[in-house]
Number of protein chains: 2
Amino acid sequence: METCPKCATPTSVIRAGMIRGKVRFHCKSCDYHFTQEHSVKTSPQKQVHTTIKDIAQLMGVSIATVSRALNNKTDISPKTRDAIQKLALELDYNPNLFAKGFQRGETKTIGVVIPNIKRPFFAGVLSGIQEVANEHGYRVMICQSNESYETEVTNIQGLLASHVDGLLISHSKETTRFNQIKNLFEKGLPMVHFDRICTEVETPKIRQEDFEGAYQLVEHLIQQGYQRIAILAGPPELLISQKRKEGYISALEKHGLPVKSEYMLHGDFSKEFALASVDAWQQLPEPPDAIFAIHYLNAVEIIQYSKELGIEIPKQLGIVGFGDEYLAEIIEPALTVFHLFPQKVGEVAASLLFDVISNKHSNQQEDVLVQGQIIIRKSSLKKV
Amino acid sequence: METCPKCATPTSVIRAGMIRGKVRFHCKSCDYHFTQEHSVKTSPQKQVHTTIKDIAQLMGVSIATVSRALNNKTDISPKTRDAIQKLALELDYNPNLFAKGFQRGETKTIGVVIPNIKRPFFAGVLSGIQEVANEHGYRVMICQSNESYETEVTNIQGLLASHVDGLLISHSKETTRFNQIKNLFEKGLPMVHFDRICTEVETPKIRQEDFEGAYQLVEHLIQQGYQRIAILAGPPELLISQKRKEGYISALEKHGLPVKSEYMLHGDFSKEFALASVDAWQQLPEPPDAIFAIHYLNAVEIIQYSKELGIEIPKQLGIVGFGDEYLAEIIEPALTVFHLFPQKVGEVAASLLFDVISNKHSNQQEDVLVQGQIIIRKSSLKKV
DNA sequence: TTGAAAGCGCTAACAC
DNA sequence: GTGTTAGCGCTTTCAA
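Residues numbered from 1 in each chain as written. Chains lettered and ligands numbered in written order. Predicted model: local features only at pLDDT ≥ 70, side-chain atom pairs only at ≥ 80, totals over all residues. Heavy atoms only, no water.

As annotated in an unreviewed UniProt entry, chain A carries the name Substrate-binding domain-containing protein and comes from Aquirufa salirivi.

What follows is the structure in structure tokens.
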């Protein structure tokens, strides 16, 4: 509020706004018009952010009016609104989203916890999440557990401290205790699981075709004439290990092939274990004639190792895997895989989370299936 | 504040805290001790976050005291402190970091703008950034420009609205106007450039050995006996295109080889352009006997295409590239590359940004070099 | 050692 | 149509 230079009474602003960097005032008492320099209190241009208070002072209106103008409320005169919006634009005004969400107790931010950004599958998922989040006007905070349970717990703690409005989680392979997650879920934090799912909490989950994909891959091998199919699975606690193994067994049984325990090995996805498994299998009286590696990298490693050993692929040994990275196409022979569409997984997971956040969907357990697709390449084509 | 059931006077709490879910009170007026149920106002267990106010009410102390206790301030009695901390733990108290930073005008969050998460280089950078940010107690907000200038501008706008305390940027390949960045820089927003650097603004920058790497790769080719070395560069506006090309030219000149314009092609990193370039070169009266593709994917694509064309690598055609993805090792023949250590780039960029944020470092221009390393593989070994 | 109160940026309920 | 004010969670004077 300015003081009239003529009658020394508080005045009101003319709606027309500014003239050559000055604000026009009008004193009601003495009907006097006058202008005034912008009264920028702080050192000019050195603050990163303009606030509605700054704008209010410059325009000589209340912050409420500025708020109304900037939010395009109806109860404001078009003149004032336009003048304020114009000034806001000039000043590069940027609303503080956190202050905005502060009252409603929301941050318009979601948290994502994944084992490792560098794995192409998760990079793809993230990309999908980002896209959907952007569409919904949400920002994304990403944490990596690096496959450590402890880091995962710390990450979730951190995201919680950031007051994220929801959580997307794929657990580390170490994670076997879920009380933290359960706790949050029961408190009502919107949450969706994907990929490395946790069955102990009834969150909505994004399911991939782990069983179906494994089934299709193994069936394909059988149709190609492979008879002794081995599986290189991951840690037995991991659900994807279990599901893919079930698909594998189911396909064998369906086609009347024996399920042999010596053909089923559980490891930690490491290269060492993959190669050791190949060695072990080669020592058997009846070595397998095909290998299904549930982790694509292991499949690639096995192809390379087999070539070193002089084992012909796909003639002597067929190889299939999960996950279609660029690698699968490049390696020779090219790898037959079941592709999971990571970007799609991310998109679906994020969509579901936003449905829960906006109460369009309850946070009850519900599995949403993201379909995959088998991509047949040379590594499993015995017949051709 | 509770009221004494005996004398109806406001009372104070006994520091000892809770007994079987109840709080013990003590009335100073009548020296009467009594307990009371926790008076949770909202529906029990349904709020995600406990606040200091909740704790203050339960303990019967002021929020200031709670704040002091939880921040381990000195001016508080150990008894009160311990009791409060214990209760906070029980209630899974999580401070609202945004409320905390609100006053100081900081969010303990940094923003990262990159072209594409799915590119292994950027995934690596992100991983490095994350790690350093965690160490500094900062969170990271990631945006993808998808190589679009418009998206990049929107992303930065969004990060700004999130009031990030600093910005790490690698520009899209479309970006040629930097007024937005310049503006922010001049306003004093801490900012560091990496990889796709912008020279028009005097921010600190993370430089990679683009010139040096190119020089080493080309010199290596020359030493292997290749004479007609071509370069497949990216968009000419991109600094990495320019720098790597300079290194290429410099190596040729140093070794007295002619610099021929027909051997230098600028494209958009697409596969189509890469293959078309190979075709064009093959039509020359004197086709190149080695190709330096500044983008690793192009190098891989060229290897594959050459094999299709029946060109022998490395005998007839040597190939080298930038960036050591797993792919480079897997493809046959394995690709000679200059490795950039993306994780390291991320770590250094983040460290520098935090130095600027904490005023340990001015936000003046300064180039920090992250060293790379040449990794020689079969694709360029003519002599062996 | 503790409490009361102001204030960070913004919205919304209420007053005029 | 516009201003005043309370309050979101928290820290930080200032008083007591």
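Still to come is the rest of the account.
Engineer: For the packing of aromatic side chains, give the residues involved together with the corresponding values.
Structural biologist: Evaluated as defined, the whole model comprises 12 aromatic pairs over all chains. On the basis of an interplanar angle of 50° and a centroid distance of 4.7 Å, the ring pair of B:Tyr138 and B:Phe354 is categorised as tilted. Placement of B:Tyr138 in the loop between helix H5 (120–135) and strand E5 (139–144) and of B:Phe354 in helix H13 (residues 342–357) is noted, with a sequence separation of 216 residues between them. Side by side, B:Tyr138 and B:Phe354 carry an identical accessibility label, which is buried. Taken together through their ring pairs, the aromatic side chains of A:Phe292, A:Phe322 and A:Phe338 make up a single cluster. For A:Arg244, the ring lying beneath its charged end belongs to A:Phe322, and the centroid distance is 3.8 Å. (Phe/Tyr/Trp six-rings, centres within 6.5 Å; stacked < 30°, edge-to-face > 60°. Helix = DSSP H or I, 4+ residues; strand = E, 2+ residues; numbered from the N terminus. Buried < 20%, exposed > 50% of the residue type's maximum accessible area, 1.4 Å probe, protein only. Lys NZ or Arg CZ within 6 Å of the ring centre and 35° of its normal.)

Engineer: Provide a residue-level description of the environment of B:Leu167, including the pertinent values.
Structural biologist: All names here are of chain B. Locating Leu167 in the fold gives a position in strand E6 (residues 166–169). By relative accessible area, which is 0% here, Leu167 ends up buried. As a C-alpha pair, Leu167 and Gly318 span 151 residues in sequence and 40 Å in three-dimensional space.

Engineer: Can you explain the interface of chain A and chain B? Please cite residues and give values.
Structural biologist: On the chain B side, the residues contacting the 52 residues of chain A number 52 residues. Regarding the contact of chain A and chain B, the summed buried area is about 4,600 Å², with carbon and sulfur atoms giving 54% of it. We note a salt bridge from B:Lys187 to A:Asp92, for which the minimum N-O separation is 3.3 Å. For the pair chain A and chain B, the interface holds 20 residue pairs in polar contact (both at pLDDT 80 or more). Elements represented by at least two residues in the side of chain A that touches chain B include exactly helix H4 (97–104), helix H5 (120–135), strand E5 (139–144), helix H6 (149–161), helix H7 (179–187), helix H11 (296–309) and helix H12 (326–330) of chain A. Here the side of chain A that touches chain B takes six residues from E5(A), the largest share from any one element. Among the residues forming the side of chain A that touches chain B, the class breakdown is 23 nonpolar, 19 polar and 10 charged. (Contact = heavy atoms within 4.5 Å. Buried area = accessible area lost by both parts, 1.4 Å probe. Salt bridge = Lys/Arg side-chain N within 4 Å of Asp/Glu carboxyl O. Polar contact = N/O pair within 3.5 Å; in protein donor to acceptor, adjacent residues only side chain to side chain. Nonpolar A, V, L, I, M, F, W, Y, C, P; charged D, E, K, R; others polar.)

Engineer: Lay out the sheet that holds strand E15 (residues 373–375) of chain A with the relevant residues and their values.
Structural biologist: Residue and element names in this part refer to chain A. Pairing is mixed across the open sheet formed by six strands, whose spatial order is E10-E9-E11-E12-E13-E15. Strands at the two margins of the open sheet, each flanked by one partner only, are strand E10 (264–266) and E15. Mean inter-strand twist for the sheet, computed between neighbouring axes without regard to direction, equals 15°. Here strand E9 (residues 229–233) pairs with strand E11 (residues 290–293) via four bridges, running parallel. Across the sheet, residue Leu232 finds its bridge partner in E11, namely Ala293. (Pairing = 2+ DSSP bridges. Axes fitted to C-alpha atoms, helices over the stretch in contact; angles between N-to-C directions.)

Engineer: So what about the relation of the copies chain A and chain B? Which residues, and what values?
Structural biologist: Superposing chain A onto chain B takes a rotation of 180° plus a shift of 0.0 Å along the axis, which leaves an RMSD of 0.1 Å. When the rotation and shift are considered jointly, the pair of chain copies conforms to a two-fold rotation axis. Considering only C-alpha atoms, the part of chain A nearest the rotation axis is A:Met141, at 2.6 Å. Of the residues that chain A buries at the interface, 100% are likewise interface residues in chain B, meaning the two copies contact each other through the same surface. (Least-squares fit on C-alpha atoms with pLDDT ≥ 70 in both.)

Engineer: Residue-level account of the pattern of salt bridges, with values.
Structural biologist: Residue and element names in this part refer to chain B. Overall, the coordinates contain 21 salt bridges over all chains when judged by the stated rule. A salt bridge links Arg196 to Asp195, with the shortest nitrogen-to-oxygen separation between them at 4.0 Å. Using a relative accessible area of 8% as the deciding quantity, one classes Asp195 as buried. Members of the salt-bridge network, linked through shared partners, are Arg119, Glu147, Asp195 and Arg196.

Engineer: Talk me through the packing of H5(B) against H13(B); I want residue IDs and the actual numbers.
Structural biologist: Residue and element names in this part refer to chain B. Contact geometry of H5 with H13 gives a least axis separation of 6 Å together with a crossing angle of 40°. Judged by the inter-axis angle, H5 sits oblique to H13. Relative to H13, H5 is oriented so that their crossing is right-handed. For the pair H5 and H13, contact is made by Phe121, Gly124, Val125, Ser127, Gly128, Ile129, Glu131, Val132 and Ala133 and by Pro342, Gln343, Val345, Gly346, Glu347, Ala350, Ser351 and Phe354, respectively. Split into classes, the residues belonging to the contact of H5 with H13 amount to nine nonpolar, six polar and two charged. (Parallel < 35°, antiparallel > 145°, perpendicular 65-115°, else oblique. Left-handed = near helix turned anticlockwise from the far one by under 90°.)

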